[in-house]
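# Tertiary structure, described
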Amino acid sequence: MSLDIENKTTTNEKLKTEEMILNMGPQHPSTHGVLRLELQLEGELIVNVKPHIGYLHRCFEKHCEAMTYPQVIPYTDRMDYLASMYNEFGYAIAVEKLLDIKVPERVEYIRVIMGELQRVASHLVALGTYGADIGAVTPFLFCFRDREKILSLFEMTCGARLLYNYIWVGGVSHDLHHDFLRLTKDFVDYFRPKIKELNDLLTFNKIFIERTANVGILPLDTAINYGITGPMLRASGMKWDLRKDDPYSIYDKFDFDIPIGDGRMGTVGDSWDRYYVRVLEMEQSLKIIEQAIAQIPEGDVTSAIPKRIKPVVGQVYSRVEGPRGELGYFIISNGTVNPFRVKVRAPSFVNLAVINELCKGHLVADVITVLGSIDIVLGDVDR
Amino acid sequence: MSQYFKNIWSAISTVSIGMKVTFKHLFVPAVTIQYPDVKLELPERERNRLYMNMDDCIGCDQCARACPVNCIEIETVKSLPDEDLGKTSNGKRKALWVTKFNIDIAKCCYCQLCVFPCPTECIYMTDVYEFSEFKRDNLVYDYATLSPEERVQKKLNYEKFEVEKAAQKAAAAPAAAAKKAEESKEAKPENKEVKPESKDIKPETRAASPDNKEATSGNSETKPENREDKPE
Amino acid sequence: MIYDFFYNLTGSQILAYVIGSLLPLFIFILPFALVAVLLERKVSAHMQDRLGPMRVGYHGLLQTVADILKLIQKEDIVAESNDKPLFNLAPVLVFAGSYTAFAAIPFTSAFIGSNIDLGIIFIIAITGLSVAGILMAGWASNNKYTLLGAMRSVAQIISYEIPTILVVLSLIMITGTASLNKLSEMQSGHFWNWMILGGPGLSLTKFLFIPFMIIGFVIIYISTLAEVNRTPFDIPEAESELVSGYHTEYSGMKFAMFFLAEYANMFAVSAIVVALFFGGYQSPFGYLGNTLHLPWLIPIEQFFWFIFKGVFFVIVQMWLRWTLPRLRVDQLMAVCWKYLIPIAFVNLIIVGLITVL
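Only a predicted model underlies this, so the values are computations on that prediction, with no experimental measurement involved.

## Brief notes about the overall build of chain B
When helices and strands are tallied, chain B shows 5 helices and 5 strands. In chain B, which comprises 232 residues, the proportion classed as buried is 17%. The contacts of chain B with a sequence gap of at least 6 include a subset with a gap of at least 24, amounting to 79%.

## Let's talk about the overall build of chain A
Secondary structure summary: chain A contains 15 helices and 10 strands in total. For 383 residues, the compact-globule estimate of 2.2 N^0.38 gives 21 Å, and chain A sits close to it at 23 Å. Referenced to the eigenvectors of the C-alpha coordinate spread, the extents of chain A come out at roughly 85 × 50 × 35 Å. Expressed as a percentage of its 383 residues, the buried residues of chain A come to 49%. Restricting the contact set of chain A to residue pairs at least 6 apart, pairs at least 24 apart contribute 70%.

## A word on the interface of chain A and chain B
Think of interface size as the accessible area that goes away when the parts come together; that is how it is often given. Taken together, the contacts link 20 residues of chain A with 20 residues of chain B. Elements that contribute at least two residues to the side of chain A that touches chain B include exactly helix H2 (73-77), helix H5 (138-158) and helix H6 (180-203) of chain A. Its residues placed into classes, the side of chain A that touches chain B shows 9 nonpolar, 6 polar and 5 charged.

## Structural notes on the sheet that holds strand E9 (residues 325-333) of chain A
Residue and element names in this part refer to chain A. Pairing is antiparallel in the open sheet, where 3 strands are placed in the order E8-E9-E10. What marks the edges here is a single partner per strand, and that holds for strand E8 (314-322) and strand E10 (341-345). Ignoring which end each strand starts from, the neighbouring axes of this sheet average 15 degrees apart. Bridge count between E8 and E9: 9 bridges; the pairing is antiparallel. Paired with Tyr 317 across the two strands is Phe 330, which belongs to E9. Running at roughly 150 degrees to E8, helix H3 (residues 84-99) makes contact with E8 and E9 of the sheet.

## Digging into the domain arrangement of chain B
All names here are of chain B. Each domain of chain B was delimited in the assignment, giving domain 1 (50-146 + 210-227) and domain 2 (150-208). In this complex, domain 1 contributes 6 residues to the contact, which on the side of domain 2 involves 7 residues. Put simply, the parts of the chain that give the side of domain 1 that touches domain 2 at least two residues each are strand E2 (72-78) and strand E3 (96-104). Across the side of domain 1 that touches domain 2, the residue classes break down as 4 nonpolar, 1 polar and 1 charged.

## What to know about the sheet that holds strand E5 (residues 140-142) of chain B
All names here are of chain B. Read across the sheet, 3 strands follow the order E2-E3-E5 without closing on themselves; strand pairing throughout is antiparallel. One side of each edge strand has no neighbouring strand; the edge strands of this open sheet are E2 and E5. Strand-to-strand twist across the sheet, computed as the mean angle between neighbouring axes with direction ignored, equals 15 degrees. Where E2 lies against E3, 7 bridges are found, and the strand directions are antiparallel. By the bridge assignment for E3, Ile 72 is matched with Ile 103.

## What about the environment of C:Ile214?
All names here are of chain C. When you line up the elements, Ile 214 lands in helix H9 (residues 204-227). The partly exposed category is assigned to Ile 214, around which 13 C-beta atoms lie within 10 Å. Between the C-alpha atom of Ile 214 and that of Met 136, which follows or precedes it by 78 residues, the distance is 37 Å.

## Considerations on the environment of A:His362
Among the structural elements, A:His362 can be located in the loop between helix H13 (355-359) and helix H14 (365-374). When the C-alpha atoms of A:His362 and A:Met156 are compared, they prove to be 46 Å apart, with 206 residues separating the residues in sequence.

## Here's the deal with the pairing of E3(B)
As defined by bridge partners, E3(B) adjoins E5(B) across 3 bridges and the pair is classed as antiparallel. Each residue of the ladder has a partner; that of B:Asn102, found in E5(B), is B:Asp142.

## Comments concerning the confidence of the model for chain B
Residue and element names in this part refer to chain B. Summarising the model, chain B shows a mean pLDDT of 74, and 74% of its residues fall at 70 or more. The low-confidence segment residues 189-232 (pLDDT under 50) makes 24 contacts with residues lying over four places distant or belonging to another chain. As scored by the predictor, the complex reaches a pTM of 0.84 and an ipTM of 0.85.

## As for the packing of helix H4 (residues 105-134) of chain A against H14(A)
All names here are of chain A. For the pair H4 and H14, interaxial distance at closest approach is 9 Å and the crossing angle is 175 degrees. On the basis of the axis angle, H4 is roughly antiparallel to H14. Of the residues in H14, those touching H4 at Thr 129, Tyr 130, Asp 133 and Ile 134 are Ile 368, Thr 369, Gly 372 and Ser 373. Across the contact of H4 with H14, the residue classes tally to 3 nonpolar, 4 polar and 1 charged.

Criteria and thresholds
- Think of each chain on its own: its residues are numbered from 1, step by step along the sequence as written.
- Numbering of ligands from 1 and lettering of chains from A proceed in the order in which they are written.
- Selection of residues for local features in this predicted model requires a pLDDT of at least 70, selection of side-chain atom pairs for listing and counting requires 80 or more, and totals for whole chains, interfaces and linings are taken over all residues.
- The numbering of helices and of strands both runs from the N terminus, where a helix is a DSSP run of H or I of at least 4 residues and a strand a run of E of at least 2.
- Put simply, a residue is buried when 20 or more other C-beta atoms lie within 10 Å of its own C-beta and exposed when 12 or fewer do; between those, it is partly exposed, and each C-beta is set from the backbone.
- A pair of residues counts as a contact when their C-beta atoms, built from backbone coordinates, are within 7 Å of each other.
- The size measure is the radius of gyration over C-alpha atoms, and the globule rule it meets is 2.2 Å times the number of residues to the 0.38 power.
- Under the scheme applied here, ten amino acids are nonpolar (Ala, Val, Leu, Ile, Met, Phe, Trp, Tyr, Cys and Pro), four are charged (Asp, Glu, Lys and Arg), and all others, including Gly, are polar.
- We call two strands paired when DSSP finds no fewer than two bridges between them.
- Throughout, an axis means a line fitted to C-alpha atoms (over the contacting stretch in the case of helices), and angles, computed between N-to-C directions, take values from 0 to 180 degrees.
- The split of the chain into domains comes from an automatic or database domain assignment.
- Scored from 0 to 100, pLDDT records how confident the predictor is in each individual residue.
- When an angle is under 35 degrees it counts as roughly parallel; over 145 it counts as roughly antiparallel; between 65 and 115 it counts as roughly perpendicular; any other value is oblique.

Right under this line is the structure:
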């Protein structure tokens, strides 16, 4: 401590306890991909968290400018690789808006079934890996076993398990396999008791609740200010789902609920709420799938696919409710077969920004809990 | 105080429920398939390695244009008007010699976009997924069935034909019919004479076009034909 | 009895003692550690609907042999800035701490390593040696994360010894002896003479004890689980947490010694629980040797029963590991100081009151 006579201050006020910078590097078993988190610690408490991203940047948006409109679809698959159907869905809807074409009703039903199955699969990964980070390894394996069934349904339809190239502009690439609807119904009946088993094993387990309740509380106004969407926003108490508030495709024909977080184990908007909202959403997706299977009409799925896509000069922004949040596509076309600009509003990218607010004042071990509850996919963050 | 006892009770009860679930799973048969001994049954629409049937290819270049990663390279030479290349299996008449048809299977992203534009359905995806190689160059599959000498020869033929055509046009019109008759008779023996010349040119062309991988491409050519089934 | 046998065989007391003390190590602990590693992998696999090791040997039975061979031939890395004497000594101390506890555990009525009257107190004291070993391992690795992990582990082990001792004290109050050998002898007969069901004899106090014995059993099982660093208390060795644990820097045979010590410790604590509450080596139904009039069969049967009960509790420990998530460090301490210790104290007082009456 020294005296500064001229400025009449003492450096005592500027004396800081030693702050440590800890690096949770790009290679870490729990960061769900290549994400670097720079933690500024004071003892065990966290003062600041800075995420460094870009390790998986593959220049998707620049690449689209060299591809024709149908060739962009395999690239959109690879952005959020755990929810590929939804990426394709969003893009197809955007280009169809630009071209002003209407797809047959059977195509709409198929897209909804595929999208909701994909939502269940993506949430299973999120829940399983979250449990594995917390230390419960068994639910991870159970979730993946169930996800395998969904992936084999997809494999039967389009031939691929993860990156489908199935939903095309103006339709879908193949019609459904003749066994598909029966097997999907079997899956829905098989999966409902599995959700209950997951709840028994993990969701209501006292140790899990102790680890996740009151950790990473996201107040509603902070969430809205940061632009958070998806299950994170719903867990903070707001009933906002694009499938009901800005309906696209035929979602207005289905009857389903929007689960929100109610803070029954802690506060509204903590990690447990975010986890539980995802569990409830899986059930609602099953409801939608059942209704769609019952109502699906016959038809030709490839009749509306244009031979050559050359839209008029214009721009469009369209958004869908992906499993991680609002996935938006902004496409500018200049009249040629290649898009002029494709900009993607990636939900994980926007959701990751709030990690600093969530982790302040918690211990180091809670960073992993919070990060798992945000549910990011690095392919989406970096594109 | 009651919260204290509630905590204890909920801890014990949830732990026992969890233990019951895990205990039940001890008696559920495993879902693992022991891979190298037992292989999974793949569905019919499975998309793994590409296969291309050269007999049906008309060299239209649609698949190369549809590919988003540019992994198909096609070069064709127009055939001479009197050469007959035969027909494809669905009746189309072939008019182009395909001198180069390389698919770099390491670049392929298995998106299936090349399958749909093909007018003769000669390119399709099979269910072969065990095709790893020790050398990266072995993953460039060469499907063209012409031997390297024939490829060079076709090209030279066509160039000669073009030159002759230009010369004919430059010559007088009334003499064209008679000259054409004579030249077509000369063209046939000329073809046979060209062959020894092409043998001299061989070393240069080999150096000039290094992408003719005969030895390894021959192997990979036979592999797809032997192992795969055609889809429905 | 076994000492007399070896004494007669060799004629020298020292040799008899040496062989007698090496017996548990080679006949039991090392084979058990080998089997336990494989058992854990198979049990966890079947709980998760998968198969576990299947390739080495029939259904993977020789997997541990392959693991040991791999660990033996690995390079023994000692970094330059490590504290060499401490670094090399740490695994030995940890292993010694857990192995020495077997000296006072009665495997069978004919053999006990060291028949001291302090039995259980000796065991609890000697497991403190492994605490020193862990601290040495964490410090000598010259890595701030292992040091943090080691300190957490030490805090955990030391705190959880208190509920253990409280329950043991209540048991000593009932039976009046601290020697595990005498305790096991007291529980002879059929299974209604076991301490968990109130102890030998048939009186009112026996039935009054039963709920408190059950509570005591649960408390001691949980606290010994924490002493062995098993999930849900395995913060020091967790892989997916930030701090990787005190045995990160070890490779090859030294790592194998840590591993061996952990499985030996698992069995030691389950053996203690069995000896205290479940009748030690006594059989629940009576002996085959008695009905067949073959007295030499009885110690063998008792050995078998002891192993069976001990392995059963080890499997319950594995079952808990694969069901439950991990507790955070401060919650771990809260469970110990706020829940286990008050309940153990109340238990002790009530048991004491009942004994006096």
